Amino acid sequence: QQRFETPAGQLEELRARVSEVTERQRGIYLITLEDGAQWLFTDSVPFSYRPPRPGDRVEIDRASLGSFLLTFDRQASVRVRRIR
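Parameters at a glance
Residues numbered from 1 in each chain as written. Predicted model: local features only at pLDDT ≥ 70, side-chain atom pairs only at ≥ 80, totals over all residues. Heavy atoms only, no water. Helix = DSSP H or I, 4+ residues; strand = E, 2+ residues; numbered from the N terminus. Buried < 20%, exposed > 50% of the residue type's maximum accessible area, 1.4 Å probe, protein only. Contact = heavy atoms within 4.5 Å. Areas by Shrake-Rupley, 256 points an atom, 1.4 Å probe, with all protein chains shown as cover. Core = buried A, V, L, I, M, F, W, Y, C linked by side-chain atoms within 4.5 Å. Salt bridge = Lys/Arg side-chain N within 4 Å of Asp/Glu carboxyl O. Phe/Tyr/Trp six-rings, centres within 6.5 Å; stacked < 30°, edge-to-face > 60°.

Engineer: Tell me about the overall build of the chain, and please be specific about residues and values.
Structural biologist: Counting secondary structure elements, the chain contains 0 helices and 7 strands. Reading the secondary structure of the chain in the N-to-C direction produces β-β-β-β-β-β-β. The buried share among the 84 residues of the chain stands at 38%. Considering only contacts within the chain whose residues lie at least 6 apart along the sequence, 40% involve residues at least 24 apart. Just so you have it, the chain exposes about 5,200 Å², and 46% of that area is on carbon and sulfur atoms.

Engineer: Go over the nonpolar core with me, naming the residues and quoting the values.
Structural biologist: Among soluble globular proteins, nonpolar side chains are generally buried collectively. Counting residues in hydrophobic clusters, the biggest one holds 21 residues, and the most contacted among them are Leu33, Trp39, Phe41, Ile60 and Leu70. Elements with a minimum of two residues in this core: β2 (11–25), β3 (28–33), β4 (38–41), β5 (57–62), β6 (68–71) and β7 (78–82). At 5 residues, the largest contribution of residues to this core is made by β3. The contact partners of leucine 70, leaving out residues within four places of it in the chain, are Ile31, Tyr49, Val58, Glu59, Ile60, Ala76, Ser77, Val78 and Val80.

Engineer: Describe the pattern of salt bridges, naming the residues involved and giving the relevant values.
Structural biologist: Think of it this way: side chains of opposite charge can pair up when their charged atoms draw near. Considering all chains together, one arrives at 4 salt bridges under this definition. The salt bridge partner of glutamate 13 is arginine 15, with a shortest N-O separation of 2.7 Å. Ionic pairing is found between aspartate 56 and arginine 50, a salt bridge with its closest N-O pair at 3.9 Å. Look at the salt bridges and you will find they share partners, linking Glu13, Arg15 and Glu59 into a network.

Engineer: Could you give me a rundown of the packing of aromatic side chains, with the residues and numbers involved?
Structural biologist: All told, the structure shown has 3 aromatic pairs when counted by the stated rule. Where tyrosine 29 meets phenylalanine 41, the ring centres are 5.6 Å apart and the plane angle is 65°; that geometry is what we call edge-to-face. Placement of tyrosine 29 in strand β3 and of phenylalanine 41 in strand β4 is noted, with a sequence separation of 12 residues between them. Looking at tyrosine 29, the relative accessible area reads 12%, which means it is buried. Judged by centre distance (6.0 Å) and plane angle (80°), the rings of phenylalanine 41 and tyrosine 49 are edge-to-face. With respect to class, phenylalanine 41 is no different from tyrosine 49; both count as buried.

So, in structure tokens, the structure goes:
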């Protein structure tokens, strides 16, 4: 896992391996990373979106207004929020 933080200690970018993926609702996934952090999709993704699987690497970047975007496998970024 690689973390990139600002001097103030705020997360700017995170690259990590997925340990578990659970579909909470249609198109809404809960992603658990190897360190136990959990990120929940805040926007529903289309049926054509391929969610990450255990062992895949994802990238999470800070977006505007304190939100975060998850990027996986060159697909469109998905807005996520950390829940643990």
